[in-house]
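Okay, here's what each chain looks like letter by letter:
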Amino acid sequence: MKENRIASVVFCLFALTYFALAFTTIAQPSVLQILGPDAFPKAIGVLMLILSGVYVLQSFRGLGREDETRAAIIGAEDKVGTHIEWKTIALMLGVMLVYVFLFEPLGYPIATFLMFVTGAAILDRRHWKRDTLIAAVASFGFYFTFSLVLRVQLPAGPLRWLGL
Amino acid sequence: MWFFDNLALGFSVALTPINLFYALLGVFLGTVIGVLPGIGPMTGIALLIPITFGLPPTSAIILMAGIYYGAMYGGSTTSILVNTPGESSSVVTCFDGYQMAKQGRAGPALAAAAIGSFIAGTFATLVLMLIGPAVAAFALNFGPPEYFTLMLAGLTVVTSLAGRSLVKALLATTIGLAIATIGIDLQSGVPRYTFGNPELLDGLEFLVVAIGLFALSEVLVNLADLRQAIQERLAIKGGLWLTREDWRRATPAFIRGTLSGFFVGGIAGAGAAVASFFSYGIEKKMAKHKAELGTGAIEGVAAPEAANNAAAGGALIHLLCLGIPGSGTTAIMLGALLMLGLQPGPLLFQQQPQFVWGLIASMYIGNAMLLVLNLPLVGMWVKILDIPLYLLVLFIILFSFLGVYTMNNSTQDLFLLLVFGILGYLLRRLDIPAAPIILGMVLGDLMEQAMRQSLLISDGSYAIFVTRPFSLFFLLLAIVSITNPYWKYIGVGLRRWFGRGAPA
């Protein structure tokens, strides 16, 4: 329940910021309007403040009893386990961040190949030969499908020099 | 006969080789998405929107609709053979489907699911064809006040049925509305919440938010706990076809499931999951062999599978005739159509008949394709579950980044994608549903516009929303839908209050 408490306070602060910015950062248009550009943000801000306030109250006084039958009927998503392999998540987020940085300099096929191979090495090393092959086929395959068949240009990177 | 002309037009569009290909691709991908647990129709469509970029809108919607109803078919296969629902709308199918498979009747269970889906899908398409133009013509009378309150009702109905906590779901809706306010205000030209960043002037890209919240967050959820349960699969023994006795029992269930799914899940906007539960409840009351339900009765597979397909078809009526999404999945489809420069709504039937009728015709074709794809090839679909989870995760990363990048060729979008992926994961952990965020984001601008136009008509008076009958009706609908979880408490409170005064 600690998570909910922190989150509810964060939401409250977010709502306050959003509401305050509606007053300070939105300029008034030169022509007077019935509903100015700041009206909708202010209304949403008020709603968000009220709801996050209720959320704070609920999370500090204990959330209401949850009706799992109702949750199943409306098809609510399963709760995510609180067990976390932090190391895996951190490593993979790192891989994705590096992927973003290398996306244009290295070009799509090479950057994607590296992302896939590194990712596979972090998650499961038992089938590295098969996974490397899949990575190669997928990254170069998508690149050529997109650039040649769908005519969507992806960054070529060093491959540009090969005329690909 | 006007609709034969229209239908002929539709088939002339849908039967072109390229559109046939997209219908087949759509139902194929939809079935894959349906079979894979964890990837639902919302995630699937969001991930695959980039394929539609280069396509004409008609081909794009044929593809997306194919994915949508294809996923409803695919979800049942794993429910029956593995006892793992591929979608939330196939949870109910596990109850009797898995029991049937255990008794060696997996074949008839799969057949009943596929036939039920086919009947319901075709029925929903038929109704869409027959009443769609009338609904659209009626909706042409709606002015901005009706549209504003209709969108409000759509927002609250979907929100009230999302997640375990109403407060959290409503909070998610307001976040979506807040995201919609980012960028230049179209009416006054004033920038809002852009913090001087020129890339934000157009607002946040819908696709970045959708893929981040649905697809990338799914990656993180799976990474957090990669231990993969080895699932025991039941083999398909015997024939796939239904016996005469099966038909006798399943046929009324098909009909009940189709009707209840269409009206509850589709027209009333309750969604496919609610529709399948609702139809199971009906079977428990009305089926001839109701005592057998839960122990492997064919009615328990036939009715809910018909219901979830009928609901998916019904939800398309809202999208096409009114331009209002009635579910998270149709909200994503609306967002995608807006990206393609097409505004769904009542005018669509008049201005773009080839689009509407092409889609309708393709749905008949797609449903027939699914029947052929699903029954003989069922063994192949089950094999999909052999793909190791970590490879699936890597492919979702690959598709997410590819899709977001091709939109604007911008690496800033990729950063935002990561941010929304992390945000989506945190929201999942907090049990805050993401669908209302998407819905709020898609409807935010449209609602603001409708509200301003309304107030312009009424010269600033808010009374316009309650003095027009349909507007008042939608407003009441909105109020009812968000207050209904509390009714029982109010009822109990009132009874206690009056009970105290009255003599015992």
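Everything numeric here is computed off the predicted structure, so don't read it as measured data.

A look at the overall build of chain B
No. 1: Of the regular secondary structure elements, chain B holds 21 helices and 2 strands.
No. 2: Computed over its C-alpha atoms, the radius of gyration of chain B comes to 23 Å, within 12% of the 23 Å expected for a compact globule of 504 residues.
No. 3: Seen along its three principal axes, the alpha-carbon backbone of chain B occupies a region of about 75 × 70 × 55 Å.
No. 4: Counting across all 504 residues of chain B, residues that qualify as buried make up 64%.
No. 5: By sequence separation, contacts in chain B at least 24 residues apart represent 79% of the contacts at least 6 residues apart.
No. 6: On chain B, roughly 18,200 Å² of surface is accessible, and the fraction owed to carbon and sulfur atoms is 68%.
No. 7: Seen as two clouds, the 25 positive and the 23 negative side-chain charges of chain B have centres 14 Å apart.

Here we look at the overall build of chain A
No. 1: Secondary structure assignment for chain A yields 6 helices and 0 strands.
No. 2: If you list the helices and strands of chain A from N to C, you get α-α-α-α-α-α.
No. 3: Sorting the 164 residues of chain A into buried and exposed places 37% on the buried side.
No. 4: Within chain A, counting contacts between residues at least 6 apart in sequence, those at least 24 apart form 58% of the total.
No. 5: Carbon and sulfur atoms make up 69% of the accessible area of chain A, which totals about 9,500 Å².

Topic: the nonpolar core
No. 1: Ranked by internal contacts, the top residues of the largest apolar core, which has 210 residues, are A:Y108, B:M333, B:L394, B:I397, B:F401 and B:I438.
No. 2: Counting contributing residues, this core receives three or more from each of domain 1 (2–73) and domain 2 (86–162) of chain A.
No. 3: Ranked by size, the runner-up nonpolar core spans 5 residues in total, among them B:V92, B:Y280, B:L293 and B:A297.

A look at the packing of helix α1 (residues 2–24) of chain A against helix α2 (residues 39–61) of chain A
Describing two packed helices takes the angle between their axes plus the distance from one axis to the other.
Residues and elements named next belong to chain A.
No. 1: Direction vectors running N to C along α1 and α2 enclose 160°, while the axes themselves pass 8 Å from each other. The orientation of α1 relative to α2 falls into the category roughly antiparallel. The handedness of the crossing between α1 and α2 is left-handed.
No. 2: Classifying every residue of the contact of α1 with α2 gives 19 nonpolar, 6 polar and 2 charged.

Details of the domain arrangement of chain A
No. 1: Split into domains, chain A comes out as domain 1 (2–73) and domain 2 (86–162).
No. 2: The C-alpha centroid of domain 2 of chain A is placed 39 Å from the C-alpha centroid of domain 1 of chain A.

Observations concerning the environment of B:I387
Residue and element names in this part refer to chain B.
No. 1: Structurally, I387 can be placed in the loop between α16 (378–383) and α17 (389–408).
No. 2: Under the relative-accessibility criterion, I387 is labelled partly exposed at 39%.
No. 3: In sequence terms I387 and V82 are 305 residues apart; their C-alpha atoms lie 15 Å from each other.

As for the confidence of the model for chain A
No. 1: Taken as a whole, chain A shows an average pLDDT of 84; of its residues, 86% reach a score of 70 or greater.
No. 2: Taken element by element, the predicted model of chain A shows its lowest mean pLDDT in helix α3 (residues 68–73) of chain A (69) and its highest in helix α5 (residues 108–123) of chain A (92).

Let's talk about the interface of chain A and chain B
No. 1: Every contact between the two is made by 73 residues of chain A and, on the other side, 71 residues of chain B.
No. 2: The tally of links from chain A across to chain B stands at 1 salt bridge.
No. 3: For A:E3, the salt bridge goes to B:R429, with nearest N and O atoms at 2.4 Å.
No. 4: Scanning the region where chain A abuts chain B turns up 10 residue pairs in polar contact (both at pLDDT 80 or more).
No. 5: For the side of chain A that touches chain B, the secondary structure elements donating two or more residues are α1, α2, α3, α4 (86–102), α5 and α6 (128–149) of chain A.
No. 6: Broken down by element, the side of chain A that touches chain B gets its largest block of residues, 10 residues, from α2(A).
No. 7: In terms of residue class, the side of chain A that touches chain B is made up of 48 nonpolar, 13 polar and 12 charged.

A closer look at the side chain of B:S89
No. 1: Relative to the elements of secondary structure, B:S89 occurs in the loop between α4 (57–82) and α5 (91–102).
No. 2: Judged by relative accessible area, B:S89 falls into the buried class, the value being 3%.

Some details on the pattern of salt bridges
No. 1: Summed over all chains, the structure comprises 15 salt bridges over all chains.
No. 2: Residue A:R126 is joined to A:D124 by a salt bridge in which the shortest nitrogen-to-oxygen separation is 2.8 Å.
No. 3: Take A:R126: its relative accessible area is 67%, and that puts it in the exposed class.
No. 4: Among the salt bridges present, the one from B:R192 reaches B:E448, with a minimum N-O distance of 2.9 Å. One end of the pair, B:R192, is in strand β2 (residues 191–192); the other, B:E448, is in helix α19 (residues 435–457), and 256 residues separate them in sequence. No difference in accessibility class separates B:R192 from B:E448, as the two residues are buried.
No. 5: Three or more residues are tied together by salt bridges with common partners; here these are B:D185, B:R192, B:E448 and B:R452.

Things to note about a nonpolar patch on the surface
No. 1: A surface patch of nonpolar side chains, about 920 Å² in accessible area, is lined by B:V480, B:Y486, B:W487, B:Y489, B:I490, B:L494, B:W497 and B:F498.
No. 2: The topology assignment puts B:F498 in helix α21 (residues 469–501).

Description of the packing of aromatic side chains
Residue and element names in this part refer to chain B.
No. 1: One pass over the structure, following the stated rule, counts 27 aromatic pairs over all chains.
No. 2: Summarising the aromatic geometry, the rings of F138 and F142 are spaced 5.7 Å apart at their centres and angled 75° between planes, so their arrangement reads as edge-to-face.
No. 3: You can call F138 partly exposed: its relative accessible area is 39%.
No. 4: Taken together through their ring pairs, the aromatic side chains of F138, F142, Y147, F470, F473 and F474 make up a single cluster.

Comments concerning unusual backbone geometry
All names here are of chain B.
No. 1: In this structure, N409 is a non-glycine residue whose phi angle is positive, near 50°.
No. 2: Positionally, N409 belongs in the loop between α17 and α18 (411–429).
No. 3: Its identity is not glycine, yet D431 carries a phi of approximately 65°, on the positive side.
No. 4: Inspection of the secondary structure assignment puts D431 in the loop between α18 and α19.

A word on helix α8 (residues 166–180) of chain B
Residue and element names in this part refer to chain B.
No. 1: Between its first and last C-alpha atoms α8 spans 21 Å; for 15 residues at 1.5 Å apiece the expected length is 21 Å, and the two agree.
No. 2: Counting buried positions over the 15 residues of α8 gives 15, a clear majority of the element.
No. 3: Two or three places before V167, at the start of α8, stands the capping residue S165, its side-chain oxygen 3.4 Å from that residue's backbone nitrogen.

Rules and cut-offs
Residues numbered from 1 in each chain as written. Chains lettered and ligands numbered in written order. Predicted model: local features only at pLDDT ≥ 70, side-chain atom pairs only at ≥ 80, totals over all residues. Heavy atoms only, no water. Helix = DSSP H or I, 4+ residues; strand = E, 2+ residues; numbered from the N terminus. Rg over C-alpha atoms; globule rule 2.2 N^0.38 Å. Buried < 20%, exposed > 50% of the residue type's maximum accessible area, 1.4 Å probe, protein only. Contact = heavy atoms within 4.5 Å. Areas by Shrake-Rupley, 256 points an atom, 1.4 Å probe, with all protein chains shown as cover. Lys, Arg positive; Asp, Glu negative; His and termini not counted. Charge placed at Lys NZ, Arg CZ, Asp CG, Glu CD. Core = buried A, V, L, I, M, F, W, Y, C linked by side-chain atoms within 4.5 Å. Domains from an automatic or database assignment. Axes fitted to C-alpha atoms, helices over the stretch in contact; angles between N-to-C directions. Parallel < 35°, antiparallel > 145°, perpendicular 65-115°, else oblique. Left-handed = near helix turned anticlockwise from the far one by under 90°. Nonpolar A, V, L, I, M, F, W, Y, C, P; charged D, E, K, R; others polar. pLDDT = per-residue confidence, 0-100. Salt bridge = Lys/Arg side-chain N within 4 Å of Asp/Glu carboxyl O. Polar contact = N/O pair within 3.5 Å; in protein donor to acceptor, adjacent residues only side chain to side chain. Patch = residues over 30% accessible without salt bridge, like charges linked within 9 Å, V, L, I, M, F, W, Y side chains within 5 Å. Phe/Tyr/Trp six-rings, centres within 6.5 Å; stacked < 30°, edge-to-face > 60°. Expected span 1.5 Å × (residues − 1).

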